[in-house]
There are 2 protein chains.
Amino acid sequence: MINFEALFNISYGLYVVCSGDKNRGNGFISNTVFQVTAEPAKFATCCNKNNFTAEFIQKCGAFSVSILNVNASSEIFGTFGYKSGKDIDKLAGMTVRYGDTGVPIVINDSMAFLECKVVQTVDVGTHLIFIGELVNAEILDDIQEPMTYLYYRQIRKGVAPKNAPTYIDKSKLETREKDLLLKKYKCSSCGYIYDEDTESVKFADLPDDWVCPLCGAYKSDFFEI
Amino acid sequence: MINFEALFNISYGLYVVCSGDKNRGNGFISNTVFQVTAEPAKFATCCNKNNFTAEFIQKCGAFSVSILNVNASSEIFGTFGYKSGKDIDKLAGMTVRYGDTGVPIVINDSMAFLECKVVQTVDVGTHLIFIGELVNAEILDDIQEPMTYLYYRQIRKGVAPKNAPTYIDKSKLETREKDLLLKKYKCSSCGYIYDEDTESVKFADLPDDWVCPLCGAYKSDFFEI
């Protein structure tokens, strides 16, 4: 018997994983970055085969990991977590550094970053695990705590996007988490209802300049129902 | 440039990963348990090739993951983290269930567990990554929070044992973490000094029935110097 709610007890951080170069790069929000060996220091990250970033990592043979702080903005999650680099240039407007391998490194809302050279790629079905040797690691901010997946889910009310290895179809959940996940917001101007159950983006993660698709009212004109 | 202190910002939980059967099983403390695909749900765990448990996982083709709660006892860490199953039967005296695959599942101090059937084994150098398909998942306690590696390091003052993928040779660290790690305890009875710098076990993680190797005084007779 599988109780999918048990899976929420596995701990993860939240990261922006990037690849590419100065001409064109892309990144996505990842919760699966972990160290796999100490000598030498090697890190694994898990990436959906459909993620645009997977193509960049395979082409460039390197990736960066920006470790998000606990106060990371909704914009970061909105841009890197719920949009595709096939549609927009996610790095436009971000503060970006370029690493020794040439990959972009997102500095916004990050407390530290790693840069890794891919040494192994493992096909695990819907996802690829990229294993990279650490070539660069720097602390950007040593005051804040790192953002955890638990905090993102419980306090920020975020959900895993469809491409995440931890995505859980809501029909598989029982009561507690289901209640936590489903919310509706109503536009006080025209009555339009934003139903998180049928949308791919949590209301809280919509950009601040998002407007009601019906009447153009501001996000702040919506209230939870 | 690699600042190894940046690596402490990667988030992990803490788990007892077990394998074997009713006749003989073994387990170790792991911080690297991650979901790698959602459909089907597959999990990865990283295990040092020298870990006794690695032999069991390879032989049995399955493993269990007990998700430790934040109040997990020092005995759990002492037994599963700093001792070898080659020397003792780690499961003796523990509350153990046996899963569908036959593997032992440690219930002590656990808030949930997973059981996985190995579908892939990846050699990443000093370690093996076992990738298993989820066959069983259960919540044992839904009140506590899961133990995180950050909490274990900062609040419980634990360190990664040598076989951990996140083990960091202290000489690689700069100031902050180094100070945090090194402590000495003196026996008030005979003056014997327990120096964590030369020992493999943190003083706090020594079992309660540990005694001074020189005079046999109790652990509680030691004070930090």
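Residues numbered from 1 in each chain as written. Chains lettered and ligands numbered in written order. Predicted model: local features only at pLDDT ≥ 70, side-chain atom pairs only at ≥ 80, totals over all residues. Heavy atoms only, no water.

Participant: Go over the pattern of salt bridges with me, naming the residues and quoting the values.
Facilitator: All names here are of chain A. Tallied over the entire structure, the rule returns twelve salt bridges over all chains. When the shortest N-O distance is used, the salt bridge between D89 and R24 registers 3.8 Å. On the criterion of sequence distance, the pair formed by D89 in the loop between α2 (74-82) and β6 (96-98) and R24 in the loop between β1 (15-20) and β2 (25-30) is long-range, its members being 65 residues apart. Take D89: its relative accessible area is 41%, and that puts it in the partly exposed class. Of the residues examined, R24 reaches a relative accessible area of 31% and is grouped as partly exposed. Put simply, E196 and K202 hold a salt bridge, and the shortest N to O gap is 2.8 Å. We note that E196, like K202, is buried. (Salt bridge = Lys/Arg side-chain N within 4 Å of Asp/Glu carboxyl O. Helix = DSSP H or I, 4+ residues; strand = E, 2+ residues; numbered from the N terminus. Buried < 20%, exposed > 50% of the residue type's maximum accessible area, 1.4 Å probe, protein only.)

Participant: Please set out the packing of aromatic side chains residue by residue, giving values where relevant.
Facilitator: Tallying each qualifying case throughout the model produces 21 aromatic pairs over all chains. Between Y12 of chain B and F34 of chain B, the aromatic rings sit 6.3 Å apart at their centres with planes inclined by 85°, giving edge-to-face as the arrangement. Here Y12 of chain B is found in the segment before β1 (15-20), whereas its partner F34 of chain B is found in strand β3 (residues 33-37), with 22 residues between them in sequence. Taken individually, Y12 of chain B and F34 of chain B each receive the classification buried, so the pair is uniform in this respect. In this arrangement the basic side chain of K219 of chain A is found over the ring face of F203 of chain A, its NZ or CZ atom lying 5.6 Å from the centre. (Phe/Tyr/Trp six-rings, centres within 6.5 Å; stacked < 30°, edge-to-face > 60°. Lys NZ or Arg CZ within 6 Å of the ring centre and 35° of its normal.)

Participant: How would you summarise the sheet that holds strand β10 (residues 184-187) of chain B if you had to cite specific residues and measurements?
Facilitator: Residues and elements named next belong to chain B. Read across the sheet, three strands follow the order β11-β10-β12 without closing on themselves; strand pairing throughout is antiparallel. Two strands bound the open sheet, and with one partner strand each, they are β11 (193-195) and β12 (222-224). On average, each strand axis in the sheet is inclined to that of its neighbour by 25°, with strand direction left out of account. (Pairing = 2+ DSSP bridges. Axes fitted to C-alpha atoms, helices over the stretch in contact; angles between N-to-C directions.)

Participant: Could you give an account of the interface of chain A and chain B, with specific residues and numbers?
Facilitator: Contacts between chain A and chain B engage 59 residues on the former and 58 residues on the latter. Taking both sides of the interface into account, the surface hidden between chain A and chain B amounts to around 4,500 Å²; carbon and sulfur atoms contribute 60%. Where chain A touches chain B, the interface holds zero salt bridges. The interface formed by chain A and chain B includes 16 residue pairs in polar contact (both at pLDDT 80 or more). Broken down by class, the residue content of the side of chain A that touches chain B amounts to 33 nonpolar, 16 polar and ten charged. (Contact = heavy atoms within 4.5 Å. Buried area = accessible area lost by both parts, 1.4 Å probe. Polar contact = N/O pair within 3.5 Å; in protein donor to acceptor, adjacent residues only side chain to side chain. Nonpolar A, V, L, I, M, F, W, Y, C, P; charged D, E, K, R; others polar.)

Participant: A description of the relation of the copies chain A and chain B should follow, citing residues and the corresponding values.
Facilitator: Once turned by 180° and shifted 0.0 Å along the axis, chain A lies on chain B with an RMSD of 0.1 Å. With respect to symmetry, the two chain copies, as superposed, fit the operation of a two-fold axis. For chain A, the minimum C-alpha distance to the rotation axis belongs to Y12 of chain A and amounts to 2.9 Å. Looking at chain A, 98% of its interface residues are interface residues in chain B too, so the copies touch through the same face. (Least-squares fit on C-alpha atoms with pLDDT ≥ 70 in both.)

Participant: Go over the domain arrangement of chain A with me, naming the residues and quoting the values.
Facilitator: All names here are of chain A. When cut into domains, chain A gives domain 1 (4-169) and domain 2 (182-224). Computed from C-alpha coordinates alone, the two centres of domain 1 and domain 2 are separated by 27 Å. Listed as interface residues are ten residues of domain 1 and, on the opposing side, eight residues of domain 2. Buried area between domain 1 and domain 2, both sides added, is near 710 Å², and the carbon and sulfur share of it is 50%. The interface formed by domain 1 and domain 2 holds zero salt bridges in total. Here domain 1 is connected to domain 2 by two residue pairs in polar contact (both at pLDDT 80 or more). The element best represented in the side of domain 1 that touches domain 2 is α2, accounting for five residues. Grouping the constituent residues of the side of domain 1 that touches domain 2 by class yields four nonpolar, three polar and three charged. (Domains from an automatic or database assignment.)

Participant: Can you tell me about the side chain of N9 of chain A, naming the residues and giving the values?
Facilitator: Along the polypeptide, N9 of chain A turns up in the segment before β1. With relative accessibility at 11%, the residue N9 of chain A sits in the buried group. Apart from the residues within four sequence positions on either side, N9 of chain A is in contact with I67, M111, A112, I139 and P146 of chain B.

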